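So the chains spell out like this:
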Amino acid sequence: MAVELKTYDVAERLSDESEILHYLDAAFEDGDPAIIKNALANVARARGMSEIAKDAGITRAGLYRALSDEGNPTLDTLLKLTKALGLRLAIAT
């Protein structure tokens, strides 16, 4: 009997604000830009990429491109994305 495996998609598990904040906090704490970008992409997918892109004033394709493995989002895109997600970037000690 073959075992059926499913691909794990973290975006399916990010259902409440507390989970999202802890998830993003851990990504930013790590400090790796690729991990941060991936975490933001997962949160955007969890909330609905089309809606987030619209709220950010970015095309859906542009948002996918910026958050892709090859993407390198500008600070402007990052600020628009975090605002659309209802978040803000802050500096803390």
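Residues numbered from 1 in each chain as written. Predicted model: local features only at pLDDT ≥ 70, side-chain atom pairs only at ≥ 80, totals over all residues. Heavy atoms only, no water.

Trainee: Describe the overall build of the protein, naming the residues involved and giving the relevant values.
Mentor: Along the protein, the regular secondary structure elements total five helices and zero strands. Going from the N terminus to the C terminus, the protein shows its helices and strands as α-α-α-α-α. Counting all 93 residues of the protein, 32% fall into the buried class. Partitioning the intrachain contacts of the protein with sequence separation of at least 6 by distance along the chain shows that 50% fall at a separation of at least 24. Accessible area of the protein: about 6,700 Å², with a carbon and sulfur share of 54%. Across the protein, the mean location of the 11 positive side-chain charges is 8 Å away from that of the 15 negative side-chain charges. (Helix = DSSP H or I, 4+ residues; strand = E, 2+ residues; numbered from the N terminus. Buried < 20%, exposed > 50% of the residue type's maximum accessible area, 1.4 Å probe, protein only. Contact = heavy atoms within 4.5 Å. Areas by Shrake-Rupley, 256 points an atom, 1.4 Å probe, with all protein chains shown as cover. Lys, Arg positive; Asp, Glu negative; His and termini not counted. Charge placed at Lys NZ, Arg CZ, Asp CG, Glu CD.)

Trainee: I'd like a rundown of helix H5 (residues 75-84), residues and numbers included.
Mentor: All of the buried residues along H5 are Thr77, Leu81, Thr82 and Ala84. Taken down its axis, H5 places every buried residue within 160 degrees of arc, on the same side. Seen from the open side of H5, the exposed residues pointing more than 90 degrees away from its buried face are Leu75 and Lys83. Lining the buried residues of H5 we find helix H2 (33-47), helix H3 (49-56) and helix H4 (60-67). Positive phi appears at Gly86, one or two residues downstream of H5, with a value of about 80 degrees. (Arc of directions from axis to C-beta.)

Trainee: An account of a nonpolar patch on the surface is needed here, citing residue identities and associated values.
Mentor: A cluster of nonpolar side chains, namely Phe28, Leu75, Leu79 and Leu89, defines an oily patch on the protein surface of about 360 Å² accessible area. With respect to the helices, strands and loops of the structure, Phe28 is situated in helix H1 (residues 17-30). With a relative accessible area of 37%, Phe28 lands in the partly exposed category. (Patch = residues over 30% accessible without salt bridge, like charges linked within 9 Å, V, L, I, M, F, W, Y side chains within 5 Å. Salt bridge = Lys/Arg side-chain N within 4 Å of Asp/Glu carboxyl O.)

Trainee: Tell me about the side chain of Thr77, and name the residues and values.
Mentor: Structurally, Thr77 is set in helix H5. Residue classification places Thr77 among the buried positions, given a relative accessible area of 17%. At a separation of 3.1 Å, a polar atom in the side chain of Thr77 contacts the side chain of Thr74. In contact with Thr77, not counting residues within four places along its chain, are Ile58 and Ala66. (Polar contact = N/O pair within 3.5 Å; in protein donor to acceptor, adjacent residues only side chain to side chain.)

Trainee: Provide a residue-level description of the pattern of salt bridges, including the pertinent values.
Mentor: The full count for this structure, using the stated rule, is four salt bridges. With a closest N to O distance of 2.7 Å, Arg47 and Glu17 form a salt bridge. Pair noted here: Arg47 is in helix H2 and Glu17 is in helix H1, with a separation of 30 residues, a long-range link. Since its relative accessible area comes to 27%, Arg47 is described here as partly exposed. You can call Glu17 partly exposed: its relative accessible area is 45%. Lys80 is the salt-bridge partner of Asp76, the closest N and O atoms lying 3.3 Å from each other. Linking Asp76 with Lys80, this pair stays in helix H5, spanning four residues, or about one helical turn.

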